[in-house]
Amino acid sequence: MKTIYFIRHAKAKKIADSDFIRELNNKGKEAAKLMSKRLKNRNITPDIIISSSANRTAKTAKIFAKNLKFNKDIKFEKSLYEASIKEYLDIIKQIDSTVDTVFIVGHNDTLTQICELLSDSHIGNIPTAGVFGIEFDVMEFKEIEARTGKVLLFDYPKKLE
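All values reported here derive from a predicted model rather than from experimental measurement. (Residues numbered from 1 in each chain as written. Predicted model: local features only at pLDDT ≥ 70, side-chain atom pairs only at ≥ 80, totals over all residues. Heavy atoms only, no water.)

1. A short note on the pairing of strand E4 (residues 101-106)
Filter applied, for reference: Think of it in three bands: residues with accessible area under 20% of the maximum for their type are buried, residues over 50% are exposed, and the middle band is partly exposed, with areas taken using a 1.4 Å probe on protein chains only. A run of H or I in DSSP becomes a helix once it reaches four residues, and a run of E becomes a strand once it reaches two; helices and strands are each numbered from the N terminus. For two strands to pair, DSSP has to find at least two bridges joining them.
Burial runs high along E4: six of the six residues are buried. Neither face of E4 is open: one carries Thr101, Phe103 and Val105, the other Val102, Ile104 and Gly106, and all of them are buried. Note that strand E1 (residues 2-8) and E4 share six bridges and pair parallel. Among the inter-strand pairings, Arg8 is bridged to a residue of E4, identified as Gly106. Pairing of strand E2 (residues 48-52) with E4 involves four bridges; the strand directions are parallel. Bridge pairing in E4 places Ile49 opposite Phe103.

2. Here we look at the pattern of salt bridges
The test is simple: Think of a salt bridge as a Lys or Arg side-chain nitrogen and an Asp or Glu carboxyl oxygen that are within 4 Å of each other.
Counting across every chain of the model gives 10 salt bridges. Notably, a salt bridge pairs Asp90 with Lys86, separated by 2.9 Å at the nearest N-O pair. Here the residue Asp90 and the residue Lys86 both occupy positions in helix H3 (residues 85-93), the gap between them amounting to four residues, near one helical turn. Put simply, Lys142 and Glu140 hold a salt bridge, and the shortest N to O gap is 3.4 Å. Judged by relative accessible area, Lys142 falls into the exposed class, the value being 53%. Overall, the relative accessible area of 29% leaves Glu140 in the partly exposed class. Connected through salt bridges with shared partners, the residues Asp19, Arg22 and Arg56 form a single ionic network.

3. Details of the packing of aromatic side chains
Heads up, the condition is: Any Phe, Tyr or Trp ring, taking Trp's six-membered ring, that has another such ring centre within 6.5 Å forms a pair; planes under 30 degrees apart are called stacked, those over 60 apart edge-to-face, and the others tilted.
This model, assessed by the stated rule, comprises four aromatic pairs. Between Tyr5 and Phe103, the aromatic rings sit 5.6 Å apart at their centres with planes inclined by 70°, giving edge-to-face as the arrangement. Of the two residues, Tyr5 sits in strand E1 while Phe103 sits in strand E4, which places them 98 residues apart along the sequence. What makes Tyr5 buried here is its relative accessible area of 7%.

4. Re the packing of helix H1 (residues 26-41) against helix H2 (residues 55-67)
Put simply, the test is: Axis definition: a line fitted to C-alpha atoms, limited for helices to the stretch in contact. Angles are taken between N-to-C directions and run from 0 to 180 degrees. Orientation labels follow simple angle bins: below 35 degrees gives roughly parallel, above 145 gives roughly antiparallel, 65 to 115 gives roughly perpendicular, and whatever is left gives oblique. Here a crossing is taken to be left-handed if its near helix is turned anticlockwise relative to the far helix by less than a right angle, and right-handed if that turn runs clockwise. The contact criterion used is simple: two residues touch if any of their non-hydrogen atoms lie within 4.5 Å.
The geometry of H1 relative to H2 is characterised by a closest axis approach of 9 Å and an angle of 40° between their N-to-C directions. Taken as axis vectors, H1 and H2 run oblique relative to one another. In the crossing of H1 with H2, the sense of the turn from one axis to the other is right-handed. Contacts between H1 and H2 involve Lys29, Ala32, Lys33, Met35, Ser36, Lys37, Leu39 and Lys40 from the first element and Thr60, Ile63, Phe64 and Asn67 from the second.

5. Notes on the environment of Ser84
Within the fold, Ser84 resides in the loop between strand E3 (75-77) and H3. Judged by its relative accessible area of 31%, Ser84 is partly exposed. Counting along the chain gives 30 residues from Ser84 to Ile114, while the straight-line C-alpha distance between them is 9.0 Å.

Structure representation (structure tokens):
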């Protein structure tokens, strides 16, 4: 079995010199802490974390790593910023077969679209700091195909309000 937890970056400040360098705002930092602790409470930990290198996704990934006591290097992929579904699939299919659980921290709209494609779900939108977990009955990530995943969880901060 292989499992992917897709995580949308937490809420960011609206103003910056460029979209790529936008910082997390205070609400976003708290939401990332909350969601990472919710995963920890479920004993969900990654073997690897792959994140867009945009500032807000990198910071979100680091908060998750810290709270889950993930002591390995985060793999930053610039290609996840403004990535297409095909680019997400290319990254997924390259994940080493020794890995069982991966966190992918990225951006909407593609993040929601890849989750819907792989799980055959119709969620419409993954909110900021949202987590969508999918399990696949495969031995290697390169075997993952559309609509073959089983949804394990869909959690996000506003769900708790």
